[in-house]
Amino acid sequence: MAQQDRMFDIPGFTYFSSGNDYTGGCHGFRYKLYLKDDLHAAWWEDDLCFEKCTIREEETFPADADGLTAAIAWLRERASF
C-alpha cells in the first residue's frame, strides 16, 4: 500500500455525522476533517495541534459522502510526498 493511501485511510461519512473529527498526518503534512454545517478540511505543516498551528489552507465541502470523497481528493492534491 502506498504511503499516501495509508495516510488517507479516512473513516466513512457516518463517522463525521456522528460528531467526530478526524486528524492525521505524515512527513510534516498534517490535516483535519470536521463537520459543522458543512464538511471542513484543513491542512498545515507545523508540528503542532490544530488549535495551535497556522493553517495553510482550509476548504468546505458538502456534508455528505460525496463531499468527503472530494475533501480527501483535495487533501491528496496538497500532500507533497
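Look above for the structure.
Residues numbered from 1 in each chain as written. Predicted model: local features only at pLDDT ≥ 70, side-chain atom pairs only at ≥ 80, totals over all residues. Heavy atoms only, no water.

**Student:** When you look at the pattern of salt bridges in this model, what are you seeing that I'm missing?
**Tutor:** Close approach of charged atoms allows side chains with opposite charge to pair. What the rule picks out here adds up to six salt bridges. Two residues, D21 and K32, come together in a salt bridge whose shortest N-O distance is 3.6 Å. A residue pair is termed long-range when its members are at least 10 positions apart, and D21 in the loop between α2 (13-17) and β1 (22-26) and K32 in strand β2 (residues 29-35) qualify at 11 residues. You can call K32 buried: its relative accessible area is 8%. A salt bridge links R78 to E77; the nearest nitrogen and oxygen atoms lie 3.2 Å apart. A relative accessible area of 62% means that E77 is categorised as exposed. Salt bridges linked by common partners bring D21, K32 and E51 together as one network. (Salt bridge = Lys/Arg side-chain N within 4 Å of Asp/Glu carboxyl O. Helix = DSSP H or I, 4+ residues; strand = E, 2+ residues; numbered from the N terminus. Buried < 20%, exposed > 50% of the residue type's maximum accessible area, 1.4 Å probe, protein only.)

**Student:** I would appreciate a short explanation of the nonpolar core in the present structure.
**Tutor:** Side chains that are nonpolar tend, in soluble globular proteins, to be buried together. By size, the foremost hydrophobic cluster in this structure holds 18 residues, and its most contacted members are F8, I10, Y31, L33, L68 and L75. Breaking this core down by element, the ones donating at least two residues are α2, β2, β3 (39-44) and α3 (65-78). Broken down by element, this core gets its largest block of residues, five residues, from α3. (Core = buried A, V, L, I, M, F, W, Y, C linked by side-chain atoms within 4.5 Å.)

**Student:** How do you make sense of α3 when you look at a structure like this?
**Tutor:** Because each turn of an α-helix spans 3.6 residues, side chains separated by three or four positions in sequence point in the same direction. In this model α3 runs 20 Å from its N-terminal to its C-terminal C-alpha over 14 residues, within 8% of the 20 Å that 1.5 Å per residue would give. Taken residue by residue, α3 has G67, L68, A71, I72, W74 and L75 as its buried positions. Relative to the axis of α3, the buried residues are bounded by an arc of 160° and lie together on one face. Turned more than 90 degrees from where α3 packs its buried face, D66, T69 and E77 sit exposed. Looking at the packing, one finds that the buried side of α3 touches α2, β2, β3 and β4 (57-61). (Expected span 1.5 Å × (residues − 1). Arc of directions from axis to C-beta. Contact = heavy atoms within 4.5 Å.)

**Student:** Help me understand unusual backbone geometry, please; the structure alone is not making it clear to me.
**Tutor:** Negative phi characterises most residues that are not glycine, and trans characterises most peptide bonds. For H27, which is not a glycine, the phi torsion comes out positive at approximately 50°. Mapped onto the secondary structure, H27 falls in the loop between β1 and β2. Its relative accessible area of 62% is what places H27 among the exposed residues.

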